[in-house]
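If you want the building blocks of each chain, they are given just below.
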Amino acid sequence: MMIADGIEDEEKWLAEGIAGIQHNAFYLHRAVESNNLREALKYSAQLLSELRTSRLSPHKYYELYMRAFDELRRLEMFFKDEDRHGCSVVDLYELVQHAGNVLPRLYLLCTVGSVYIKSKEAPAKDVLKDLVEMCRSVQHPIRGLFLRSYLAQISRDKLPDIGSEYEGDGDTVMDAVDFVLQNFTEMNKLWVRMQHQGPIRVKEKLDKERSKLRDLVGKNLHVLSQVEGVDLEIYKDTVLPRVLEQVVNCKDELAQYYLMDCIIQVFPDEYHLQTLETLLGAFPQLQPAVDIKTVLSQLMDRLSNYAASSAEVLPEFLQVEAFAKLSNAIGKVIEAQVEMPVVGAISLYVSLLTFALRVHSDRLDYVDQVLGACVKKLSGSPKLEDNKATKQVVALLTAPLEKYNDIDTALTLSNYPRVMDHLDAGTNKIMAMVLIQSIMKYNTCVSTAEKVDVLFELIKGLIKDIDGTLADELDEEDFKEEQNSVARLVHMLYNDDPEEMLQIICTVRKHIMAGGPKRLPFTVPPLVFSALKLVRRLQGLDGEVAGEEVPATPRKIFQLLNQIIEALSNVPSPELALRLYLQCAEAANDCDLEPVAYEFFTQAFVLYEEEVADSKAQVTSIHLIIGTLQRMNAFGVENRDTLTHKATGYSAKLLKKPDQCRAVYACSHLFWVDDQDGIKDGERVLLCLKRSLRIANAAQQMANVTRGTGGPVTLFVEILNKYLYFFEKGNPQITSAAIQGLIELIKTEMQSDTATPDPASDAFFACTLRYIEFQKQKGGAMGEKYDSIRI
Amino acid sequence: MVLVLAIGDLHVPYRAPDLPAKFKSMLVPGKIQHIICTGNLCIKEVHDYLKNLCPSLHITRGEYDEDAQYPETKTLTIGQFKLGLCHGHQVVPWGDLDSLAMLQRQLDVDILVTGHTHQFKAYKHEAGVVINPGSATGAYSSITYDVNPSFVLMDIDGLRVVVYVYELIDGEVKVDKIDFKKTGTATSHSAH
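Everything quoted here is computed from the prediction, not taken from an experiment.

I'm lost on the overall build of chain A in this one. Help?
When helices and strands are counted, chain A shows 40 helices and zero strands. Radius of gyration (C-alpha) of chain A: 47 Å, far over the 28 Å computed for a compact globule of 791 residues. Referenced to the eigenvectors of the C-alpha coordinate spread, the extents of chain A come out at roughly 145 × 70 × 55 Å. Carbon and sulfur atoms provide 49% of the accessible area of chain A, an area that totals close to 35600 Å². Computed over 87 positive and 113 negative side-chain charges, the separation of the two mean positions in chain A equals 4 Å.

This is the structure:
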């Protein structure tokens, strides 16, 4: 209620003040029109007395001031025109000092002063010096600030600058600088003191009101930057030190923050570069509550842009040792402000890193240095729990990746892993994913075992359980995504040199073996295929060089592969392991390593016997075994016989009869390989086909018994097709009579009472017959073969 | 004019990290009416990617596929053509054309699409056409050395199908095409 009253009162007072001004302005205009100087002075003094109020907040006072300001402009024009009022400017200057109250007196004096300088009857510097001193008489913060603002306003275009019409003899630029600096200093003092006087007591409101006036103070700095005569030397020797002195001494956080920012924005970047040490030296002396990191970041951003603007300025950066100075300054600030939260320190380092990446992108030692400083800070603090802080650390680690597009660079930074160590397990994984994504995005290749080692250390959060976090706790989808990323990563690790490539494979193996049963099914396969690709590469090269011990040979890699796949038994993952063993068997076959290939087959069979229990899985697995075995050409008769015997045996023992039938006739291909050295055992082919036929018959009978109707004839048609296959290949054991018999059998089955009509098998049979007809029509050798077959 | 993408054996992530960038930029949603996939994707991410390319997605099971629910074989009719799909590891000897012909007769289809060997093939025989789109990522195969990434786009128009094969050779995408025409029960072909 009180405050509302206060506001209402303020409005009332402001209205009164404005009314007062308007009232006196009326008479002032009349006096001016009649060239009555005495009257003009009287009414202008009265008018200005309205500004003597203490009751208005800064915002309202400003409104009042602007009204007065407008009147003073007109008054100045009157003063200037000596012919009208007949008083010389020198006399006028003396005359206005007779005004009763200080404030109106000084406003009038400044106004006359403006005219005085323009008249050039006295050097600008003298008048200005006089005015800036006289204004000292007004110590009330709001009144004094606006008065000096008025002074600044009217003096702006009248400074004794180089090339200005007001330039006098001697070092007048220094006079101009002195004048502005003095006004600035006094204005800042008044501005700071505002918080202790005036009608507003609540801090936030006060700060807000004060904030609105800050440009009045800052304007002076702007003016200084516009003075032609202020070169680097003057800035360095005079302007900056004195401004900083005031900034530090005022001990006011609002002022300090604003003014430091102002300095940085208003003066040229090359000046900042050349005065970096001085500028930075001020920071540790500022109040603890000042948001230094924002200001520092601003400075670093400006300097970064300056560096980007032209390559010519870059040597300057090196010459002034910009990075070192910034780095030291940040260190000092962090040390001095013990209460600064970790997030503040880290974001400072992020800015510094950004600066280093933009200005000194070739200096990896700088980048590493920043990371090192960060490590130091993190080591001294408790474990990061603050979300914002971890985000900053992630930003810190991501910046080099994005800059260099090349994981290699990040891997050479010695402090990179140390920073990552300070992340909690969750964030470590996030960062690890960022690393992997960066590699995938830029299609980079990690090419040495050493780098791979470093990389896998960095992403260890994905590779194994660390610090008691269990893989169980993680959402399954997320876990899969993580592990699939690691799997993809494995394909980006590559070197042309086989020795190095083998080292890489060994390094990856070392890391993934610590991953535990949940991770192995994801990480083992890509490693296996990576190794198989290496084997294939070595196949192309000559065998072992006589007398040299070459580490990378297919044999050694197969030994490694055996161990790697064996780890899957801990999961357990028998189906996957079986497939991988078969892949290795084929590769060993291609290298002509019979015992190695045999060993892999043994492993596959053992898994099939002992671990693959699911019937559907058995069907797929046995077909994979048969398919692989069919392609083996490295086996001698004995080994081959053992394995084919096993394969056929297991085929016949599958659970469902149709599956048995199909697997057994697939085995027929084990005895007939269609290339020149291949086995072509017609008898055993026929044995297989006959066996599958018996199984098909048994299946048919079973169906009759259990269901009352016959099963589909599909199996018979399939077997018929196999007969045709070997018939065409020239297996003498397959006769056209046998084929004819099969065709009749199928027709009989299809027409029997107990037959179940099945369009699919009908179509299949029809297609087959059509094929036979087509072959007959072919003529030549093929046509002759088929001649005796009737459909 | 119906565009059918035949693609398979990507083996992501166990044998390859991803589709080649040049293929990815060519395959955009909204251009293709059907996708037939021979299998061995192997993970859900690849399934989702293909589904996003075209909602009419048909997949058969490869021996490394994460999803064990894909069928062993599939048949579908597009326009005048009956298509059959099967990964191919089930047909022994692997890649044997005559054995594949048997499967074609069994499924009673004009066009049989299979994979497993990672080697592009498109040929015609008495019963129809057999197409192998190869491996879209150029993944390692125990059967084929030096696999180039490849996929097939079929343009089915009335009784005619034009088979475009896209192969990535030494970093460049090369295209070839083969024409097949269905005449009554048999198809004839001309290669370009």
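Where do I start with the pattern of salt bridges in this structure?
Opposite charge on two side chains allows them to pair when their charged atoms are near. Applying the stated rule across the entire model yields 39 salt bridges over all chains. Between A:K189 and A:E186 there is a salt bridge, with its nearest N and O atoms 3.7 Å apart. Of this pair, A:K189 and A:E186 both sit in helix 9 (residues 172–193), three residues apart, which is roughly one turn of the helix. Exposure remark for A:E186: the relative accessible area of 11% places this residue in the buried category. For the salt bridge of B:K82 with B:D108, the shortest nitrogen-to-oxygen distance reads 3.2 Å. With B:K82 in strand 5 (residues 81–86) and B:D108 in the loop between helix 3 (97–107) and strand 6 (111–114), this pair connects stretches of sequence that are 26 residues apart.

I'm lost on a positive patch on the surface in this one. Help?
Taken together, the side chains of A:K653, A:K690, A:R691 and A:R694 define a basic patch exposed on the protein surface. Mapping A:R694 onto the fold places it in helix 36 (residues 682–707).

Could you clarify how one ought to interpret the environment of A:K376 in this entry?
Residue and element names in this part refer to chain A. Inspection of the secondary structure puts K376 in helix 20 (residues 364–380). When its relative accessible area of 69% is taken as the criterion, K376 is described as exposed. Distance in space between the C-alpha atoms of K376 and V419 is 9.2 Å, their sequence separation being 43 residues.

Sorry, what's going on with the interface of chain A and chain B here?
You'll often see interface size given as the accessible area lost when the parts meet. Residue-level contacts link 49 residues of chain A with 34 residues of chain B. Here chain A and chain B share an interface that buries about 3900 Å² over both sides, 55% of which is from carbon and sulfur atoms. The three residues of chain A that bury the most area against chain B are A:R488, A:F529 and A:R536, which together make up 17% of that side's buried surface. For the interface between chain A and chain B, the tally reads three salt bridges. A salt bridge links B:D98 to A:K729; its shortest N-O distance comes to 3.3 Å. Applying the counting criterion to the chain A and chain B interface returns 17 residue pairs in polar contact (both at pLDDT 80 or more). Secondary structure elements with two or more residues in the side of chain A that touches chain B: helix 27 (476–490), helix 29 (520–540), helix 31 (574–590), helix 33 (615–630), helix 35 (657–667), helix 37 (714–729) and helix 39 (759–778) of chain A. The element best represented in the side of chain A that touches chain B is helix 29 of chain A, accounting for nine residues. Its residues assigned to classes, the side of chain A that touches chain B comprises 22 nonpolar, 13 polar and 14 charged.

I keep staring at the side chain of A:T714 and nothing clicks. Help me out?
Relative to the elements of secondary structure, A:T714 occurs in helix 37. Owing to a relative accessible area of 15%, A:T714 belongs among the buried residues under this scheme. With sequence-adjacent residues up to four places away left out, A:T714 is seen in contact with A:R662, A:D758, A:S761, A:F764 and B:Q106.

I tried to follow the packing of helix 38 (residues 736–751) of chain A against helix 39 of chain A on my own but got confused; where do I start?
All names here are of chain A. At a closest axis distance of 12 Å, the pairing of helix 38 and helix 39 adopts a crossing angle of 150 degrees. Relative to helix 39, the element helix 38 lies roughly antiparallel. Crossing geometry of helix 38 relative to helix 39 is assigned as left-handed. Between helix 38, through I743, I746, K747 and M750, and helix 39, the contact on the second element is made entirely by D762, F765, L769 and I772. A per-class count over the contact of helix 38 with helix 39 returns six nonpolar, no polar and two charged.

Even after reading the chapter, I still don't get the UniProt feature "domain: Calcineurin-like phosphoesterase" (unreviewed entry) in chain B, so can you show me in this structure?
Residues annotated in UniProt with the feature "domain: Calcineurin-like phosphoesterase" (unreviewed entry) correspond here to residues 4–157 of chain B. Taken end to end, residues 4–157 of chain B comprises 18% helix and 29% strand; its first and last C-alpha atoms sit 11 Å apart.

Where do I start with helix 2 (residues 37–49) of chain A in this structure?
The α-helix winds at 3.6 residues per turn, so residues separated by three or four positions along the chain end up facing the same way. Residues and elements named next belong to chain A. Taking 1.5 Å per residue, 13 residues should reach 18 Å; helix 2 reaches 18 Å between its end C-alpha atoms and fits that length. Inspection of helix 2 places L37, A40, L41, Y43, S44, A45, L47 and L48 among the buried residues, and these make up the whole buried set. The N-cap residue of helix 2 is N36: its side-chain oxygen and the backbone nitrogen of R38 are 3.3 Å apart.

How should I be thinking about the nonpolar core in this particular structure?
In terms of nonpolar packing, the biggest core is built from 307 residues, with A:Y416 and A:F558 touching the most fellow members. Here the element with the most residues in this core is helix 19 (residues 342–359) of chain A; it accounts for twelve residues. Setting aside anything within four residues of it in sequence, one finds A:F558 in contact with A:L532, A:V535, A:C584, A:A587, A:A588, A:C591, A:L593, A:V596 and A:F600. Core analysis: the next-biggest nonpolar cluster, separate from the first, contains 21 residues, B:L85, B:V129, B:V163 and B:I178 among them.

For this particular structure, what's the right way to read the sheet that holds strand 7 (residues 121–125) of chain B?
Hydrogen bonds between backbone groups are what pair the strands of a sheet, and the pairing can be parallel or antiparallel. All names here are of chain B. Pairing is mixed in the open sheet, where five strands are placed in the order 4-5-6-8-7. Looking at strand neighbours, the two that pair on one side only are strand 4 (73–78) and strand 7, the edges of this open sheet. Mean inter-strand twist for the sheet, computed between neighbouring axes without regard to direction, equals 20 degrees. Inspection of the sheet shows strand 5 paired to strand 6 by four bridges, in the parallel sense. By the bridge assignment for strand 6, G84 is matched with L112. Along the sheet, helix 3 contacts strand 4, strand 5, strand 6, strand 7 and strand 8 (128–132); its crossing angle with strand 6, the most-contacted strand, is approximately 125 degrees.

In this structure, what is going on with the packing of aromatic side chains? I would like to understand it.
The relation between two aromatic rings is expressed through the spacing of the ring centres and the mutual angle of the planes. All names here are of chain A. Scanning the entire structure with this criterion turns up 31 aromatic pairs over all chains. When the ring of F323 is compared with that of Y366, the centres are 4.1 Å apart and the planes differ by 15 degrees; the resulting orientation is stacked. Taken together, the positions of F323 in helix 18 (residues 322–336) and Y366 in helix 20 put the pair 43 residues apart, joining distant regions of the chain. When its relative accessible area of 14% is taken as the criterion, Y366 is described as buried.

How do you make sense of the environment of A:G20 when you look at a structure like this?
All names here are of chain A. In this structure, G20 sits in helix 1 (residues 2–33). Classification of G20 as buried rests on a relative accessible area of 12%. Considering only alpha carbons, one finds G20 and S49, 29 residues apart in sequence, at a separation of 9.1 Å.

Sorry, what's going on with a negative patch on the surface here?
Residues and elements named next belong to chain A. Together, E82, D83, D91, E94 and E121 line one region of the surface with negative charge. For the negative patch, the secondary structure elements donating two or more residues are helix 4 (82–85) and helix 5 (89–95). The topology assignment puts E82 in helix 4.

Quick question: what am I supposed to make of unusual backbone geometry here?
Leaving glycine aside, a negative phi is the common case for residues, and trans is the common case for peptide bonds. A cis amide bond, omega -10 degrees, links A:V571 with the succeeding residue A:P572. As for its position among the elements, A:P572 is in the loop between helix 30 (554–566) and helix 31. Cis peptide bonds are those with omega within 30 degrees of zero, and the linkage from B:V92 to B:P93 qualifies with -5 degrees. Even without being glycine, A:N35 reaches a positive phi, approximately 55 degrees. A:N35 sits in the partly exposed class, given a relative accessible area of 32%. Of note in this structure, A:N405 is not a glycine but carries a positive phi near 50 degrees.

Rules used in this analysis
- Residues numbered from 1 in each chain as written.
- Chains lettered and ligands numbered in written order.
- Predicted model: local features only at pLDDT ≥ 70, side-chain atom pairs only at ≥ 80, totals over all residues.
- Heavy atoms only, no water.
- Helix = DSSP H or I, 4+ residues; strand = E, 2+ residues; numbered from the N terminus.
- Rg over C-alpha atoms; globule rule 2.2 N^0.38 Å.
- Areas by Shrake-Rupley, 256 points an atom, 1.4 Å probe, with all protein chains shown as cover.
- Lys, Arg positive; Asp, Glu negative; His and termini not counted.
- Charge placed at Lys NZ, Arg CZ, Asp CG, Glu CD.
- Salt bridge = Lys/Arg side-chain N within 4 Å of Asp/Glu carboxyl O.
- Buried < 20%, exposed > 50% of the residue type's maximum accessible area, 1.4 Å probe, protein only.
- Patch = residues over 30% accessible without salt bridge, like charges linked within 9 Å, V, L, I, M, F, W, Y side chains within 5 Å.
- Contact = heavy atoms within 4.5 Å.
- Buried area = accessible area lost by both parts, 1.4 Å probe.
- Polar contact = N/O pair within 3.5 Å; in protein donor to acceptor, adjacent residues only side chain to side chain.
- Nonpolar A, V, L, I, M, F, W, Y, C, P; charged D, E, K, R; others polar.
- Axes fitted to C-alpha atoms, helices over the stretch in contact; angles between N-to-C directions.
- Parallel < 35°, antiparallel > 145°, perpendicular 65-115°, else oblique.
- Left-handed = near helix turned anticlockwise from the far one by under 90°.
- UniProt positions renumbered as here; feature names shortened; annotations may be inferred.
- Expected span 1.5 Å × (residues − 1).
- Core = buried A, V, L, I, M, F, W, Y, C linked by side-chain atoms within 4.5 Å.
- Pairing = 2+ DSSP bridges.
- Phe/Tyr/Trp six-rings, centres within 6.5 Å; stacked < 30°, edge-to-face > 60°.

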